[in-house]
Amino acid sequence: MIELHEYPPTRSQRAKWALEELELPYESHIVELSQGQQDSDDYRKIHPLGVVPALTTGTYSMFESVAIVLQLIDEHPQKELAPPVGTAERATYYQWCVFAASEMDPAIMMFFDNTLRPLEHMRPPGALHEAGLAERGRYDFNIRADVLSKALSDRDYLLGKDFSGADILVGHSCFMARHVGLMDGNYPVLDAYYERLMLRPGHRRAYGD
Ligand SMILES: N[C@@H](CCC(=O)N[C@@H](CS)C(=O)NCC(=O)O)C(=O)O
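Definitions and cut-offs
Residues numbered from 1 in each chain as written. Predicted model: local features only at pLDDT ≥ 70, side-chain atom pairs only at ≥ 80, totals over all residues. Heavy atoms only, no water. Domains from an automatic or database assignment. Contact = heavy atoms within 4.5 Å. Buried area = accessible area lost by both parts, 1.4 Å probe. Salt bridge = Lys/Arg side-chain N within 4 Å of Asp/Glu carboxyl O. Helix = DSSP H or I, 4+ residues; strand = E, 2+ residues; numbered from the N terminus. Nonpolar A, V, L, I, M, F, W, Y, C, P; charged D, E, K, R; others polar.

**Some thoughts on the domain arrangement of the protein**
By a frequent convention, interface size equals the accessible area lost on bringing the separate parts together. Split by domain assignment, the protein resolves into domain 1 (2–79) and domain 2 (88–200). One C-alpha centre belongs to domain 1, the other to domain 2, and the line joining them spans 20 Å. Counting residues at the interface gives 20 residues for domain 1 and 22 residues for domain 2. Approximately 1,500 Å² of surface area, both sides summed, lies buried where domain 1 meets domain 2, with 61% of it carried by carbon and sulfur atoms. For the domain 1 face of the interface with domain 2, the top three residues by lost area are Arg11, Arg14 and Trp17, together amounting to 41%. At the junction of domain 1 and domain 2, the tally comes to five salt bridges. A salt bridge links Asp39 to Arg123; the nearest nitrogen and oxygen atoms lie 3.5 Å apart. Secondary structure elements with two or more residues in the side of domain 1 that touches domain 2: α1 (12–21) and α3 (65–75). Here the element with the most residues in the side of domain 1 that touches domain 2 is α3; it accounts for six residues. Its residues assigned to classes, the side of domain 1 that touches domain 2 comprises eight nonpolar, six polar and six charged.

Below, the structure is given as structure tokens:
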């Protein structure tokens, strides 16, 4: 049985959304981040950084939300959530999957860590919100949101008409950005994109209505 170690609505939602899109049975284990369960010895054996998500199956255990989504999708090619390896479409797919983790998440987290993140949850303990870093996060996010808006201006999904794992990964970054107030109506193409994603039954099952 697949076991998902999660704490909605954090980045563990990516793994959950992929599991729901693929219609795979899984067991959910909530890691109570607000109570410090991520720092327990038992959880650190599953994820040495003490963050979510982590996934365990009968044959392997892994962490990193992007890697988990890519692995689950590759295990179920019949669901067609990724283009074939070696194609031009696969290149675009890889591009956006990595863009989510390496370009969008850091900007959003820099903003969140320096605005809304409760001070008692800051790392290292005692770190404070810094207005300059919040603005840097917003600035970086805006540049990336412009790039994404342009890419989505003529299509429903990142690869065109077909939904893929790239939409799960970038879609969750859009969720995070909306959640922390970085969209604020400034990116109508991205709002429309995310609202389209929200209509998917897999998204509904993962995030709730
Ligand atoms: N790169 C990792 C980031 C994971 C991560 O930082 N998760 C956050 C929630 S979004 C977490 O568990 N934070 C707990 C903490 O910092 O105590 C991934 O995408 O899986």
